[in-house]
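The lines below spell out each chain.
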Amino acid sequence: DGGITQSPKYLFRKEGQNVTLSCEQNLNHDAMYWYRQDPGQGLRLIYYSQIVNDFQKGDIAEGYSVSREKKESFPLTVTSAQKNPTAFYLCASSLGTSNTEAFFGQGTRLTVV
Amino acid sequence: KNQVEQSPQSLIILEGKNCTLQCNYTVSPFSNLRWYKQDTGRGPVSLTIMTFSENTKSNGRYTATLDADTKQSSLHITASQLSDSASYICVVSSGGSYIPTFGRGTSLIVHP
């Protein structure tokens, strides 16, 4: 089936540790995005990538890093520099123009313990 | 600054009743407006997408309207079902950007 897959669904991290969230898509989409969602708030953009080997910071990039070595994959690393990492993380992809729909993964819930 | 405001923040209705959710935006230049449904703990799923020239679009019991002059949109849900309980998010795209602007969503609870 075509789609966008995030893993794991739940992730626990100790304070001071880095952790990487996976996002894979087989939709042949050029653009991929990472969002963070906190209770009662809208989605906030962390990073986005329009093409392979290129990515841009979003509104809340501090404490996060990404890579885009393959068109299908856009992993997000939550570093120890992120002061409040507990949140629901959503990955999305689109064909890459403003007129196209963004398809979302099922999300990863990260909890710092 | 591009903004999308949704109201109400939350809504509780009885099963079988209709409801209308509102979305006001200041995104410019306007490209399109989408409504997404997000079940708890899941990713958003697209319900409708409308461009500047479209006033109404339906998807089953969901009907979205767009007034590009007043920069307002509404999502009307007919004969609500328990499965309609979710967050409904309005998303507006600008013609000059890859990055859409998200509203905070309206949380809908349908009681039996």
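Look up a bit, the structure's there.
Residues numbered from 1 in each chain as written. Chains lettered and ligands numbered in written order. Predicted model: local features only at pLDDT ≥ 70, side-chain atom pairs only at ≥ 80, totals over all residues. Heavy atoms only, no water.

Student: Whenever I open this one, the overall build of chain A confuses me. Can you help?
Tutor: Broken down by element type, chain A carries zero helices and 11 strands. Traced from its N-terminal end to its C-terminal end, chain A shows the element sequence β-β-β-β-β-β-β-β-β-β-β. Taken over C-alpha atoms, the radius of gyration comes to 13 Å for chain A, in line with the 13 Å a tight globule of 113 residues would show. Along the three orthogonal principal directions, the C-alpha set of chain A runs to about 40 × 25 × 25 Å. A buried classification covers 50% of the 113 residues belonging to chain A. In the form shown here, chain A has an accessible surface area of approximately 5,500 Å², with 47% of it arising from carbon and sulfur atoms. (Helix = DSSP H or I, 4+ residues; strand = E, 2+ residues; numbered from the N terminus. Rg over C-alpha atoms; globule rule 2.2 N^0.38 Å. Buried < 20%, exposed > 50% of the residue type's maximum accessible area, 1.4 Å probe, protein only. Areas by Shrake-Rupley, 256 points an atom, 1.4 Å probe, with all protein chains shown as cover.)

Student: So what exactly am I meant to see when it comes to the side chain of B:T106 here?
Tutor: All names here are of chain B. Locating T106 in the fold gives a position in strand β11 (residues 106–111). A distance of 2.6 Å separates a polar atom in the side chain of T106 from the backbone oxygen of P8. In this structure T106 touches Q6, S7, P8, Q9, L21, A86, S87 and Y88, once residues within four positions along its chain are discounted. (Polar contact = N/O pair within 3.5 Å; in protein donor to acceptor, adjacent residues only side chain to side chain. Contact = heavy atoms within 4.5 Å.)

Student: Is there a simple way to think about the environment of B:T78 in this case?
Tutor: All names here are of chain B. Along the chain, T78 falls in the loop between β8 (72–77) and β9 (86–94). Judged by its relative accessible area of 34%, T78 falls in the partly exposed class. Setting aside residues up to four positions removed in sequence, T78 forms contacts with N18 and R61.

Student: I keep staring at the nonpolar core and nothing clicks. Help me out?
Tutor: One recurring pattern in soluble globular proteins is that nonpolar side chains are buried together. Counting residues in each nonpolar core, the largest one holds 24 residues, and the members touching the most others are B:Y25, B:L33, B:W35, B:L75, B:Y88 and B:V92. With residues up to four places along the chain from it excluded, the contact list for B:L33 reads B:C23, B:Y25, B:T48, B:I49, B:M50, B:L66, B:S73, B:C90, B:V91 and B:V92. Core analysis: the second largest hydrophobic core is formed by 20 residues, A:I4, A:I46, A:A61 and A:V66 among them. (Core = buried A, V, L, I, M, F, W, Y, C linked by side-chain atoms within 4.5 Å.)

Student: Help me understand the pattern of salt bridges, please; the structure alone is not making it clear to me.
Tutor: For side chains of opposite charge, pairing can occur when their charged atoms come near one another. Residue and element names in this part refer to chain A. If you walk through the whole model with that rule in mind, you get five salt bridges over all chains. A salt bridge links D38 to R36, with the shortest nitrogen-to-oxygen separation between them at 2.9 Å. Since its relative accessible area comes to 11%, D38 is described here as buried. Across the pair R44 and D38 runs a salt bridge, and its minimum N-O distance is 2.7 Å. One salt-bridge network, in which partners are shared between bridges, spans R36, D38 and R44. (Salt bridge = Lys/Arg side-chain N within 4 Å of Asp/Glu carboxyl O.)

Student: Explain the interface of chain B and chain A here, please?
Tutor: Interfaces are often sized by the amount of accessible area the parts lose when they come together. Contact with chain B, which involves 22 residues of that partner, is made by 24 residues of chain A. Where chain B abuts chain A, roughly 1,800 Å² becomes buried across the two surfaces, and 51% of that area is made up of carbon and sulfur atoms. On the chain B side of the interface with chain A, the three residues burying the most area are B:Y98, B:I99 and B:F102, jointly 33% of the side's total. Joining chain B to chain A, the criterion identifies zero salt bridges. (Buried area = accessible area lost by both parts, 1.4 Å probe.)

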